[in-house]
Amino acid sequence: MADDMNKMGAPLIFERSKPGARTQMLPPLDVPESLPDPCALRRCAPPLPELAEGEVSRHFSLLERRAFGVNNGFYPLGSCTMKYNPKLNDEMAALPGFADIHPLQPEHTVQGCLEALSRLDVILREITGMDAVSLQPAAGAQGEFTGVMMIKAYHESRGEGSIRTKMLIPDSAHGTNPASAAMNNYTVVTIPSDENGCVDINALRASAGSDTAGLMLTNPNTLGLYEPNVAELTRIVHDAGGLCYYDGANLNAIMGRARPGDMGFDAAHLNLHKTFAAPHGGGGPGGAAVCCKAFLSEYLPSPIVTNDNGAFTLDCGGSSSIGSIHAFYGNFLVCLKALCYLLSLGRDGVTLASSNAVLNANYLMRKLTAPDNAILLDGKPPRACMHEFVLSLKKLKSATGVSALDVAKGLLDEGMHPPTMYFPLIVDEALMFEPTETESRDELDAAAQKITALLNRAFTDPESLRSAPRSTPVRRPDEVKAARSPTLRYGCRTAQ
Ligand SMILES: Cc1ncc(COP(=O)(O)O)c(C=O)c1O
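One structure accompanies this document, and this report is about it. (Residues numbered from 1 in each chain as written. Predicted model: local features only at pLDDT ≥ 70, side-chain atom pairs only at ≥ 80, totals over all residues.)

## Description of the overall build of the protein chain
Let me state the cut-off plainly: Labels follow the DSSP assignment, with helices taken as runs of H or I lasting at least four residues and strands as runs of E lasting at least two, numbered in each case from the N terminus. Values of the radius of gyration come from C-alpha atoms, whereas the globule rule sets the reference at 2.2 Å times the count of residues to the power 0.38. To assign burial, the other C-beta atoms lying within 10 Å of each residue's own C-beta are counted, with C-beta atoms placed from the backbone; 20 or more indicates buried, 12 or fewer indicates exposed, and intermediate counts indicate partly exposed. Each residue gets a C-beta atom placed from its backbone, and two residues are in contact if those atoms lie within 7 Å.
Tallying secondary structure elements over the protein chain gives 19 helices and 12 strands in all. A globule of 496 residues ought to have a C-alpha radius of gyration of about 23 Å, and the protein chain, at 25 Å, matches this closely. Along the three orthogonal principal directions, the C-alpha set of the protein chain runs to about 80 × 65 × 45 Å. Per-residue burial for the protein chain yields a buried fraction of 41% across its 496 residues. Counting only contacts in the protein chain whose residues sit at least 6 apart along the sequence, the fraction spanning at least 24 positions is 72%.

## So, the environment of Leu 465
Within the element layout of this structure, Leu 465 appears in helix 17 (residues 462–466). Of the residues examined, Leu 465 has 24 C-beta atoms within 10 Å and is grouped as buried. Between the C-alpha atom of Leu 465 and that of Arg 476, which follows or precedes it by 11 residues, the distance is 12 Å. Among residues more than four places away in sequence, those in contact with Leu 465 are Val 402, Asp 406, Val 407, Gly 410, Arg 457 and Ala 458.

## Describing the sheet that holds strand 12 (residues 430–433)
Here is the rule we go by: The pairing criterion for strands is at least two bridges between them, as found by DSSP.
The antiparallel open sheet is built from three strands, whose spatial order is 10-12-11. A strand with exactly one partner marks an edge of an open sheet, and here the two such strands are strand 10 (389–392) and strand 11 (420–421). Relative to strand 12, strand 11 is paired through two bridges, and the arrangement is antiparallel. Residue pairing for strand 12: Thr 420 is matched across the bridge by Met 432.

## Some details on the sheet that holds strand 1 (residues 132–134)
Within a beta sheet, neighbouring strands are joined by backbone hydrogen bonds and run either parallel or antiparallel to one another. As a reminder, the rule being used: Axis angles are defined between N-to-C directions and span 0 to 180 degrees, where every axis is a line fitted to C-alpha atoms and, for a helix, only to the segment in contact.
Strand order in the open sheet formed by seven strands is 1-7-6-5-4-2-3, with mixed pairing between adjacent strands. Looking at the sheet topology across the chains shown, the edges are occupied by strand 1 and strand 3 (187–191). Sheet twist, expressed as the average angle between the axes of neighbouring strands with direction ignored, equals 20 degrees. Here strand 1 pairs with strand 7 (residues 288–292) via three bridges, running antiparallel. Its bridge partner lying in strand 7, Ser 134 is registered against Val 290. Its contacts with the sheet place helix 6 (residues 111–128) against strand 1, strand 5 (243–248), strand 6 (267–271) and strand 7, and it is angled at close to 60 degrees to strand 7. Where helix 8 (residues 176–183) meets the sheet, its contacts fall on strand 2 (166–170), strand 3, strand 4 (212–218) and strand 5, and the angle it forms with strand 2 comes to roughly 175 degrees.

## A closer look at the site of the ligand
As a reminder of what qualifies: Residues are counted as near a molecule or strand when the C-beta atom, derived from backbone positions, lies within 6 Å of that molecule or strand. Residue polarity follows a fixed list, in which Ala, Val, Leu, Ile, Met, Phe, Trp, Tyr, Cys and Pro are nonpolar, Asp, Glu, Lys and Arg are charged, and the others, Gly among them, are polar.
Near the ligand there are 13 residues, and of these Ala 139, Gly 140, Ala 141, His 174 and Ala 249 occur at the shortest range. Class assignment for the residues of the shell around the ligand results in four nonpolar, eight polar and one charged.

Below, the structure written as structure tokens:
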């Protein structure tokens, strides 16, 4: 019975609601009733579901069983760095001294928390080769948006805000890069990739000029390739008077080995939830650090923790600061989990983690095969990748009719989270795998065997993949409809 429920579409908690159902947990009132000012009272009760506690517990347990996370199995979702999140980090973040504080508490009562933020700041400067850090952004995309705001503020302070209107962004960048530039009213100039999948340096040179505000570079790029000419790229943009922004969301490939600051970048963001193992992707909120060189530090969002001989204070910044981009200091507990991760790995552990992430990605990439090399990008033998790699199923699709989507759906039946599909956009029928360093060799071998078997099945039994998945409660949702006309509120659903 429980298993049947698990397979069926689960009712919403509102659909389980029964008027009057509840669990009586409070004893009868034994003091005079006191209501707030009548004008502060609601006119009618909010439309909340009514259920007994046991029903609530069953509802959420069912949802939990149907969710797939890193604790359930192999999760090679490219670009998302779904590594194992050590439980120690959660335990530290749950300590009452960290979890039971209020952001408006006086500074002298939260010195330990401020010290934790300050220590993270120091470590991230070291890892990135930058001089100053803000921990406020709630995600990578917001970090980029913040960095671009700072670049804009810098040009405006020099009277060049209206002249430098173009942001140069390679076509292999993460999609949030052009979005962040466009949201800051920059015109996006797309720089094409060369035949090796890296930035076409001549195209960059031709585009850089007196109207260039900056370059936004995702490195390693979304093909999992490290830009071989990275120092030259930053030099070209600096010579044109622009600034260089590093999308460091893929830092898991290089941390401890290479630093954006040393490559010539002026600002960068790191995804704390990806690289430094805070649960994410439905498992928890994100957090990003924006790091910059000293000359940009006056534009950082405020407040920033400062350390005056062991006395920690919140500096609200000067008049050049772009202001606050998140309430208080950002997602404090995510920062704390990142600090805990970094302290438990130490300098050598951080370097080993990135080395193993790259090793695991190359290992898995070379173990995957398909008849007639039907998964190779442009039919070329795979180049060494960084922490992730991209297959193109273009040839496989034309030979068998089985698409990247079909293979991804087939992997669900194998108990595996699918890789990222149809990204990056510059690759036809793309599947992007990022196994991360926390998978063992046995796990990678098992995954390689399952994926390879599936790719072979595309040639022998394509229909079984076109009709996959068969084991999940929901099989093929209308993804276009879900993206174009999402119904996010229960009220909307009933109104339709
Ligand atoms: C390269 C890159 N840049 C930016 C982002 C955006 O980060 P977030 O999803 O935290 O907004 C991601 C997300 O995975 C990414 O992979």
